[in-house]
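For reference, the chains in residue letters:
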Amino acid sequence: MESIVHDHIRAISGQYTKHGRSDCGDSFFMIATDEYFLCILADGLGSGKYAHEASIAACEIVASHHSEDVESLMERSNRALIKKRGAAVAIIKIMFKEKVYHYSCVGNIRFYLYSPTGKLTYPLPITGYLSGRPQVYKTQRFTYENGSSFLIHSDGLQLTRVRALFERNRSLEYISTELESIVTDADDTTFIIGRLP
């Protein structure tokens, strides 16, 4: 488990491998600066060594260029996956001063944004995966209020009641524990939850 505690954001991650294997097919990277929070979650196709190789390649290139905009980072991720197995990739960049999320996703990764007024936003990703082939990206923008929360997770996590996780201003630790309780070892699973104070 990894966490970030910053003046503008708190975030907690959880990651679990399929059948307890040593290589996780999911990878992620997150960073908070005074200007923004950036997170990438990559889910390599299949599982095991080659899925891990693909997902980590996308995350490493984003980690090296995290100051760039989301669309540029998606393109860098795509190029990093040439001659690799391929991966579903989602990138979030939260600009603190503007109170805006920038989000792009190709593949089966879920993202939810929950406002303190109870509004749940769930942007639809582009189907497919990144593999180095020419790709269309769709970057979406969402404004947020102070106290908003988010959840991003790979398809190993099967959720049915997302809103209930965030209601009553539950803590990130509570939500993390609830998510852990429904993780199975049937697939690689990664989640990242965050809150903007």
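The coordinates are above.
All values derive from a computational prediction rather than experimental measurement. (Residues numbered from 1 in each chain as written. Predicted model: local features only at pLDDT ≥ 70, side-chain atom pairs only at ≥ 80, totals over all residues. Heavy atoms only, no water.)

Visitor: I tried to follow the pairing of strand β11 (residues 189-195) on my own but got confused; where do I start?
Guide: Put simply, side chains in a regular strand alternate between the two faces of the sheet. Counting buried residues in β11 gives seven out of seven residues, a clear majority hidden from the surface. Relative to β11, strand β2 (residues 10-16) runs antiparallel, the two sharing seven bridges. The partner of Gly14 across the bridge, within β11, is Phe191. (Buried < 20%, exposed > 50% of the residue type's maximum accessible area, 1.4 Å probe, protein only. Helix = DSSP H or I, 4+ residues; strand = E, 2+ residues; numbered from the N terminus. Pairing = 2+ DSSP bridges.)

Visitor: Hey, could you run me through the state of the cysteines in this one?
Guide: A disulfide bridge is the covalent bond that connects two cysteines by way of their sulfur atoms. As enumerated under the stated definition, the model contains zero disulfides in all. With no disulfide of its own, Cys24 has Cys59 as its nearest cysteine by sulfur position, at a separation of 10 Å. What makes Cys24 buried here is its relative accessible area of 8%. Just so you know, Cys59 is unpaired, no disulfide at all, and the nearest cysteine sulfur is the one on Cys39, 8.4 Å from it. Given the relative accessible area of 3%, Cys59 is considered buried. (Disulfide = S-S within 2.5 Å.)

Visitor: How should I be thinking about the pairing of strand β9 (residues 140-143) in this particular structure?
Guide: Only one face of β9 is covered, namely the face carrying Gln140 and Phe142; the face carrying Arg141 and Thr143 is uncovered. Looking at chain direction, strand β6 (residues 100-106) and β9 are connected through four bridges and run antiparallel. Along β9, the bridge assignment pairs Tyr101 with Phe142.

Visitor: Teacher, can you tell me more about the sheet that holds β11 here?
Guide: The strands making up a sheet are joined through hydrogen bonds of the backbone, oriented either antiparallel or parallel. Pairing is antiparallel across the open sheet formed by six strands, whose spatial order is β1-β2-β11-β10-β7-β8. Two strands close off the open sheet at either side, each with one partner strand: β1 (3-5) and β8 (120-121). Contacts between helix α4 (residues 172-182) and the sheet are confined to β2, β10 (149-153) and β11, with β11 contributing the most and set at about 165° to the helix. (Contact = heavy atoms within 4.5 Å. Axes fitted to C-alpha atoms, helices over the stretch in contact; angles between N-to-C directions.)

Visitor: Any chance you could explain the packing of helix α1 (residues 49-64) against helix α2 (residues 70-80) here in plain terms?
Guide: For any two helices packed against each other, the geometry is given by the interaxial angle and the distance between the axes. As a packed pair, α1 and α2 sit with axes 8 Å apart at the nearest point and diverge in direction by 140°. In terms of orientation, α1 and α2 fall into the oblique class. The handedness of the crossing between α1 and α2 comes out as right-handed. Judged by residue contacts, Ala57, Ala58, Ile61 and Val62 of α1 engage Leu73, Arg76, Ser77 and Ala80 from α2. When grouped by side-chain class, the residues that make up the contact of α1 with α2 number six nonpolar, one polar and one charged. (Parallel < 35°, antiparallel > 145°, perpendicular 65-115°, else oblique. Left-handed = near helix turned anticlockwise from the far one by under 90°. Nonpolar A, V, L, I, M, F, W, Y, C, P; charged D, E, K, R; others polar.)

Visitor: For this particular structure, what's the right way to read the pattern of salt bridges?
Guide: Side chains that carry opposite charge are capable of pairing whenever their charged atoms lie near each other. Under the defined criterion, the tally for this structure stands at three salt bridges. Close ionic contact of Glu173 with Arg10 constitutes a salt bridge, the shortest N to O distance being 2.5 Å. Of the two residues, Glu173 is situated in helix α4 and Arg10 in strand β2; the sequence distance between them amounts to 163 residues. Residue Glu173 is classed as partly exposed on the basis of its relative accessible area, which comes to 40%. Owing to a relative accessible area of 30%, Arg10 belongs among the partly exposed residues under this scheme. (Salt bridge = Lys/Arg side-chain N within 4 Å of Asp/Glu carboxyl O.)

Visitor: For this particular structure, what's the right way to read the packing of aromatic side chains?
Guide: Centre-to-centre distance and the angle between the planes together describe a pair of aromatic rings. Under the definition given, this model contains nine aromatic pairs. The interplanar angle of 45° and the centroid separation of 5.8 Å between the aromatic rings of Phe37 and Phe150 together place this pair among those described as tilted. With Phe37 in strand β4 (residues 36-44) and Phe150 in strand β10, the pair connects residues that are 113 residues apart, well separated along the chain. Where Phe111 meets Phe150, the ring centres are 6.5 Å apart and the plane angle is 45°; that geometry is what we call tilted. Of the two residues, Phe111 is situated in strand β7 (residues 110-114) and Phe150 in strand β10; the sequence distance between them amounts to 39 residues. Overall, the relative accessible area of 0% leaves Phe111 in the buried class. (Phe/Tyr/Trp six-rings, centres within 6.5 Å; stacked < 30°, edge-to-face > 60°.)

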